[in-house]
Amino acid sequence: MRKVPVLIVGGGPVGLALAGELGWRGVSCLLVEQTDGSIVTPKMNEVNVRTMEFCRRWGIADKVHNCPFPRDHARDAVFVTSFTGYELGRIPRPAVVGSKPEQWSPMRLQTCSQMWFDPILRDFALSSKGVELRYRTRLENFKDLGTGVTCEIVDLETGKRETVEAGYLVGCDGATSAIRNELGIGLTGQGVLGHPVHLFFRAPDFLKRVGKAEGTFFLAIDKGGLWANIRVVDPVNAMWRLMMIDSDGKQTPESIDRNALIERAVGKPFSVEWVGCSIWTRRSLVAEQYSKGRVFLAGDAVHQLSPTGAMGMNTGIGDVVDLGWKLAAVAQGWGGPNLLESYSVERQPIGARAINHTSEFHLSHGKFHDGFATIEDDTEEGRTFRAEIGPELVREVGRMFRTIGLQLGYRYDDSPIIVPDGTEAVPDDPETFIASARPGARAPHVALADGRSMLDLYARDYVLIRFGYKAPEGSEMVEAAKSRRVPIVVQRIDDAEAASIYGASLVLVRPDGHVAWRGDSVPNNPVEIIDRVRGG
Ligand SMILES: Cc1cc2nc3c(=O)[nH]c(=O)nc-3n(C[C@H](O)[C@H](O)[C@H](O)COP(=O)(O)OP(=O)(O)OC[C@H]3O[C@@H](n4cnc5c(N)ncnc54)[C@H](O)[C@@H]3O)c2cc1C
């Protein structure tokens, strides 16, 4: 029987990112994906700032920056009555070229459709020799024996069945996760929020033909209220996606009147080349737990978010970054017996936080359903109405574009492997981010004089940072770590801004870049601290 340290089920972005993360940490894994991996109707388009920080760590950020989405394409979000109608409001989101990174990160949000991002992740995963990806291969069943997980997989081309013994099984098998169902793990949340319709089409020079200034995301609001968003997916190949925000749930791709929808969006009959159609269910749900025994779940398998806020895949990538270093620590023999359990404790609240905010963003659309009879009128009343509703749309619906706090501000406050320091937590607000190195938080970015970001210090090992020449040596911490075979490096940072933001002379940062402990002196019990942060 073939043995693998980790079997990953699902080659969507989350499974691919886990394979990449494990390979990068030197852990061998096998990923099985039942499809051939090609993407006809991509869902995800926005790779957020935190995911870009992980891409920077993995050395693939340039590939994402250089994806075919033009770097000089304005990414504005625009509210219109229709493409040939009135522009009601515009949220400037400048092109990558010429825009500065976020103040709190060396990276910025990148528009990169899943049809480009998944292959970048796939190549990253395959760049480690211990990673094997098998397409057209399905997990049929599994049994957790306590010492390993016996998995039956089938090659869908040949029908050949194989039993694999995995040290750990990770289900990145999407919203309908059979692995989650088999484990009997329930989902909680608001449930189904709607049945949007996706229509993909090609329309060369679309914006020029309708006379609208460049943007990426258009929201259409007419007499019938806010009903659709239309975004450019691939400007070079003129591929667009029209999303009818909701339908009655009874439609099929065949029954949808596509031409009527494009006519409503454009404001006149308009010919396009139809590429594809999908109808999906908008859900807001999170799993009650993310693991059982030797089986773990990540991505849509444990959280199904409204895409408002672009947090679905991005939250899933955060899951596998948390899980990846823990699986590596156990494989390498220094992870303690409680380390893997901390995955669910740390990540489940983050999934719950994401579903709550993103469903709020979606529900804000609901305020713009009724009372729009005059919105398209070329009258004094129509003009007054538009002048009032535009800023309101930007303020309310526009919240889904102002999410830097949501992206970077998640933290593991109640984790058993974090050592609290008794300080007050900064507010957790989706729109604003306050940098903090309170244990549990993402260790903050500060631009260093030599051009590095503080984030560049965090990779495969724990990092003990000493701020300034007066900081204690920290050798007792290092000895304690070594006594437990915990990989640790010491970095001295002479930077007043970083010292002030990190708030202590010594800060211990985990391999995933979250603060595990901080203090102004070496603790009396360094081995206890090390044991706690390694899940001992
Ligand atoms: C309209 C829309 C827009 C979105 N935009 C964004 C965005 O901008 N940013 C963002 O972060 N998120 C976005 N999302 C969400 C994002 O697309 C999902 O969160 C993401 O695709 C989930 O990735 P995943 O790998 O967890 O699951 P999936 O992509 O669903 O992949 C699961 C994979 O598992 C495979 N599988 C299942 N069972 C088996 C089995 N037994 N054996 C083998 N393989 C199996 C499936 O074939 C599938 O390929 C959007 C979603 C929608 C609907």
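Scoring rules and cut-offs
The numbering scheme is per chain: residues are counted from 1 as the chain's sequence reads. A pLDDT threshold of at least 70 governs which residues receive local features in this predicted model, and a stricter bar of 80 or more applies before side-chain atom pairs are shown or counted, although totals over entire chains, interfaces and linings include all residues. Excluded from the side-chain calculations are hydrogens and water; all other atoms, namely the structure's heavy atoms, are used. When a carboxyl oxygen of Asp or Glu lies within 4 Å of a side-chain nitrogen of Lys or Arg, that pair is called a salt bridge. Whether a residue is buried, partly exposed or exposed follows from its accessible area with a 1.4 Å probe, protein chains only, as a fraction of its type maximum: under 20%, in between, or over 50%, in that order. Helix and strand definitions here come from DSSP, where helices need a minimum of 4 consecutive H or I residues and strands a minimum of 2 consecutive E residues; each element is numbered from the N-terminal end. The span one expects for a helix is its residue count, reduced by one, times 1.5 Å. The rule for a residue being near a molecule or strand is that one of its heavy atoms must lie within 4 Å of it. Polar contact criterion, stated in full: a pair of N or O atoms within 3.5 Å, where within protein one must be able to donate a hydrogen and the other to accept it, and residues adjacent in sequence count only if both atoms are side-chain atoms. For every accessible area listed, the method is Shrake-Rupley and the probe measures 1.4 Å; residues are considered covered only by the protein chains on display. For this classification, Asp, Glu, Lys and Arg are treated as charged, while Ala, Val, Leu, Ile, Met, Phe, Trp, Tyr, Cys and Pro are nonpolar and the rest, including Gly, are polar. Pairing between strands requires that DSSP locate at least two bridges from one strand to the other. Should any heavy atoms of two residues lie within 4.5 Å, those residues are considered in contact. Note on method: axes are straight lines fitted to C-alpha atoms, helices fitted across the in-contact stretch only, with angles between N-to-C directions ranging 0 to 180 degrees. Of the grid points, spaced at 1 Å and generated over the protein atoms alone, those admitting a 1.4 Å probe that cannot get out make up cavities, while open sets with protein on both sides within 12 Å along at least five of seven lines make up pockets; any residue with an atom within 4 Å of a point is treated as lining. Grid points are joined across faces, edges and corners, and a volume is the space filled by probe spheres set on the points.

Student: Tell me about the pattern of salt bridges, and name the residues and values.
Tutor: The full count for this structure, using the stated rule, is 38 salt bridges. Where E140 meets R138, a salt bridge forms, and the shortest distance between an N and an O atom there is 3.4 Å. For R138, a relative accessible area of 34% puts it in the partly exposed group. Between D512 and R510 there is a salt bridge; the shortest N-O distance is 2.7 Å. Side by side, D512 and R510 carry an identical accessibility label, which is buried. Among the ionic contacts, a cluster of salt bridges with common partners joins D322, K326, E346, R510 and D512.

Student: So what about helix 8 (residues 312-331)? Which residues, and what values?
Tutor: Since the α-helix advances by 3.6 residues per turn, residues separated by three or four positions end up pointing in the same direction. Counted at 1.5 Å a residue, the expected span for helix 8 with its 20 residues is 28 Å, and the 28 Å between its end C-alpha atoms agrees. Burial within helix 8 is extensive, with 18 of its 20 residues counted as buried.

Student: How would you explain the site of the ligand if you had to name every residue and give the values?
Tutor: Close to the ligand lie 32 residues, the nearest being E33, E46, D300, M313 and N314. Q34 has a polar side-chain atom sitting 3.1 Å from an oxygen atom of the ligand. Protein chains bury 88% of the 1,000 Å² of accessible surface belonging to the ligand in isolation. Class assignment of the residues belonging to the shell around the ligand gives a composition of 13 nonpolar, 12 polar and 7 charged.

Student: Outline the pairing of strand 5 (residues 87-91), supporting the account with residue identities and numerical values.
Tutor: Remark: a regular strand shows side chains that alternate across the two faces of the sheet. Inspection of the sheet shows strand 4 (residues 77-80) paired to strand 5 by 4 bridges, in the antiparallel sense. Bridging across to strand 5, V78 finds its partner in R90. The turn joining strand 4 and strand 5, which pair antiparallel and follow one another in sequence, is formed by 6 residues.

Student: Give a description of the sheet that holds strand 20 (residues 303-304) that names residues and reports values.
Tutor: Neighbouring strands of a sheet are bound in pairs by backbone hydrogen bonds; such pairs are parallel or else antiparallel. On the basis of which strands lie adjacent, the open sheet formed by 3 strands has the order 11-17-20 and antiparallel pairing. In this open sheet, the two strands that pair with only one neighbour each are strand 11 (187-194) and strand 20. Sheet topology places strand 17 (residues 282-287) next to strand 20; 2 bridges connect them, and they run antiparallel. Each bridged residue has a counterpart across the sheet, and for L285 the counterpart in strand 20 is Q304. The strands touched by helix 9 (residues 341-365) within the sheet are strand 11, strand 17 and strand 20, with strand 17 carrying the most contacts at an inclination of about 160°.

Student: How would you explain the environment of A516 if you had to name every residue and give the values?
Tutor: Looking at the secondary structure, you find A516 in strand 24 (residues 515-519). C-alpha separation for the pair A516 and V266, spaced 250 residues apart in sequence, amounts to 53 Å. For A516, the contacting residues outside a window of four places in its chain are I418, V419, P439, L508, V509, R510 and V533.

Student: Quick rundown of unusual backbone geometry? Include the residues and the values.
Tutor: Its identity is not glycine, yet D205 carries a phi of approximately 55°, on the positive side. Its place among the elements puts D205 in the loop between strand 12 (197-202) and helix 6 (206-210). For D205, a relative accessible area of 49% gives the class partly exposed.

Student: For the environment of S306, give the residues involved together with the corresponding values.
Tutor: With respect to the element layout, S306 can be found in the loop between strand 20 and helix 8. Of the residues examined, S306 reaches a relative accessible area of 0% and is grouped as buried. Considered as a pair, S306 and L193 are 113 residues apart in the sequence and their alpha carbons are 8.0 Å apart. When near neighbours in sequence (up to four residues on either side) are disregarded, S306 contacts L193, R282, R283, T358 and H362. Among the polar contacts listed, one links the side chain of S306 to the side chain of R282, at a separation of 2.9 Å.

Student: Lay out empty space enclosed by the protein with the relevant residues and their values.
Tutor: In the structure shown here, the tally under the stated rule is 2 cavities of 30 Å³ or more. Estimated volume of the largest cavity: approximately 160 Å³. Considering the residues around the largest cavity, the lining is formed by 21 residues, among which G409, R411, V426, F433 and I434 are closest to the centre. Within the lining of the largest cavity, the residues separate by chemical class into 10 nonpolar, 5 polar and 6 charged. Its volume calculated, the second largest cavity comes out at about 90 Å³. M311, N314, T315, Q407 and Y410 are the residues nearest the centre of the second largest cavity, which is lined by 13 residues in total. The set of elements that each furnish at least two residues to the lining of the second largest cavity consists of helix 2 (49-58), helix 8 and helix 9.

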